[in-house]
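Each chain, written out:
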Amino acid sequence: MRLQVENLSYNYGTKEAVKQASLHVDAGEFVGIIGPNGSGKSTVLKNIYRGLAPDQGKILLDGEDLLSMPYRRSALKLAVVGQENEVPFDFTVEEMVAMGRSPHKKLFEIDTPKDKKIVRHALEHMGMEQMAKRSYRFLSGGEKQRVLIARAIAQESDFLILDEPTNHLDISYQIQIFDFIKRLRVTVLSAIHDLNMAALYCDRLYVMKQGRILMEGTPEQVLTPEKIYEVYGVRSTVLKNPLTGKLSITFLPEAISA
Ligand code: ADP
Ligand code: MG
């Protein structure tokens, strides 16, 4: 599955949030979008998962126009873990995850044993099986995030769109979830807040600033101290960790780097 975004622009009223952004994700790639708060990462993702409709530009999945695809078909192709995690009704954890099965089913069709098994596995993978009957609304931010990831897994599409998926999670769950997603061998496009996580897991990165894609490349190409300074205005040292073979970034306070 290949995703291609061409010259995407999106405005919230008069606020230009995304300007002429082009990117692609090839089958099997794990691609990250990094950039400061407010740079447009979520807006790009929302346009791709049809939470917003682009003002300009094209979004193609395997060459097919995503925006004119029936919703069910696009839901079979891509699963989403967004940033806003509130739901209006009092669903249980299990019910939330079972929603991931709906694109595979007819309207009002009941859950089959296969659906139930898939939901149970997804919950187990996220360490949530004990919480299946709990009310989603009263979970902590981190627990909610794990439920939403379980739902995306239950959807069984081979393209995952993630918006800072491990935002509320402690380091052990961050690693567990990224490792798990990596092992699924699906294609991933994810906004990632943490540059060290991006360096550990991504094959390629897009860097956004003020609504534009400023640069693109492998973590080695993009995560240099010069470029990090250009984008975030923060000094850093970047070293290759001998154990992981991945970059490791240490940020330097002005007081030390002066
Ligand atoms: P990021 O995910 O990189 O933090 P966003 O895509 O959420 O950035 O936001 C990009 C810009 O659009 C920001 O300036 C943000 O304030 C603005 N923005 C986001 N959502 C809305 C909205 N619903 N209405 C108006 N402006 C918005
Ligand atoms: Mg965001």
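This is a predicted model, so every value here is computed, not measured.

## Notes on the sheet that holds strand β2 (residues 15-25)
- With antiparallel pairing, 4 strands are arranged side by side in an open sheet as β2-β1-β4-β5. What marks the edges here is a single partner per strand, and that holds for β2 and β5 (64-65).
- As defined by bridge partners, strand β1 (residues 3-12) adjoins β2 across 7 bridges and the pair is classed as antiparallel. Counterpart to Gln4 in the pairing with β2 is His24.
- Contacting β1, β2 and β4 (56-61), helix α1 (residues 41-48) crosses the sheet at an angle of about 115° to β1.

## Here we look at helix α5 (residues 141-154)
- In a regular helix each residue adds 1.5 Å, so 14 residues correspond to 20 Å; α5 covers 20 Å between its end C-alpha atoms and thus fits that length.
- Counting buried residues along α5, 12 of its 14 residues qualify, which places the element largely inside the surrounding structure.
- All buried positions along α5 are accounted for by Gly142, Glu143, Lys144, Gln145, Arg146, Val147, Leu148, Ile149, Ala150, Ala152, Ile153 and Ala154.
- Among the structural elements, β6 (78-81), α3 (93-98), α4 (113-125), β7 (159-163) and α6 (171-184) are those in contact with the buried residues of α5.
- In the stretch just after α5, Glu156 is the one whose phi turns positive, near 55°.

## Examining the pattern of salt bridges
- The tally for this structure, following the rule as stated, stands at 11 salt bridges.
- For the salt bridge of Lys105 with Asp115, the shortest nitrogen-to-oxygen distance reads 2.2 Å. Here Lys105 is found in the loop between α3 and α4, whereas its partner Asp115 is found in helix α4, with 10 residues between them in sequence. Like Asp115, Lys105 is buried.
- Close ionic contact of Glu124 with Arg120 constitutes a salt bridge, the shortest N to O distance being 3.9 Å. Note that Glu124 and Arg120 are positioned in helix α4 at a spacing of 4 residues, about one turn of the helix.

## What to know about the site of ligand 1
- Taken together, Tyr12, Lys15, Ala17, Pro36, Asn37, Gly38, Ser39, Gly40, Lys41, Ser42 and Thr43 are the residues near ligand 1.
- Between ligand 1 and Lys15, the relevant distance is 3.3 Å, taken from an oxygen atom to a side-chain nitrogen or oxygen of the residue.
- Within the complex, the protein chains bury 60% of what would otherwise be the 560 Å² of accessible surface of ligand 1.
- For the shell around ligand 1, the elements supplying multiple residues, two or more each, are β2 and α1.
- Residue composition of the shell around ligand 1, grouped by class: 3 nonpolar, 6 polar and 2 charged.

## Notes on the packing of α4 against α5
- Look at α4 against α5: their axes get within 9 Å of each other, and the N-to-C directions meet at 140°. Here α5 runs oblique to α4, going by the angle between their axes. Our pair here, α4 against α5, has a crossing hand that is right-handed. Taking contact as the criterion, the partners of Ile118, Ala122 and Leu123 in α4 are, on α5, Ala150, Ile153 and Ala154.
- Looking at side-chain class alone, the contact of α4 with α5 contains 6 nonpolar, no polar and no charged residues.

## Topic: the sheet that holds strand β9 (residues 204-209)
- The sheet built from 6 strands is open, its strands ordered β6-β7-β8-β3-β9-β10 with mixed pairing. Whereas interior strands pair on both sides, the edge strands pair on one side only; in this sheet they are β6 and β10 (212-217). Neighbouring strand axes in the sheet, compared pairwise and without regard to direction, differ in orientation by 15° on average.
- With 4 bridges connecting them, strand β3 (residues 30-34) and β9 associate as parallel partners. Opposite Ile33, over in β9, you have Tyr206 as the bridge partner.
- The strands that α1 touches are β3, β6, β7, β8 (187-191) and β9; relative to β7, the one it contacts most, it runs at about 145°.

About the cut-offs
Residues numbered from 1 in each chain as written. Chains lettered and ligands numbered in written order. Predicted model: local features only at pLDDT ≥ 70, side-chain atom pairs only at ≥ 80, totals over all residues. Heavy atoms only, no water. Pairing = 2+ DSSP bridges. Helix = DSSP H or I, 4+ residues; strand = E, 2+ residues; numbered from the N terminus. Contact = heavy atoms within 4.5 Å. Axes fitted to C-alpha atoms, helices over the stretch in contact; angles between N-to-C directions. Expected span 1.5 Å × (residues − 1). Buried < 20%, exposed > 50% of the residue type's maximum accessible area, 1.4 Å probe, protein only. Salt bridge = Lys/Arg side-chain N within 4 Å of Asp/Glu carboxyl O. Near = heavy atom within 4 Å. Polar contact = N/O pair within 3.5 Å; in protein donor to acceptor, adjacent residues only side chain to side chain. Areas by Shrake-Rupley, 256 points an atom, 1.4 Å probe, with all protein chains shown as cover. Nonpolar A, V, L, I, M, F, W, Y, C, P; charged D, E, K, R; others polar. Parallel < 35°, antiparallel > 145°, perpendicular 65-115°, else oblique. Left-handed = near helix turned anticlockwise from the far one by under 90°.

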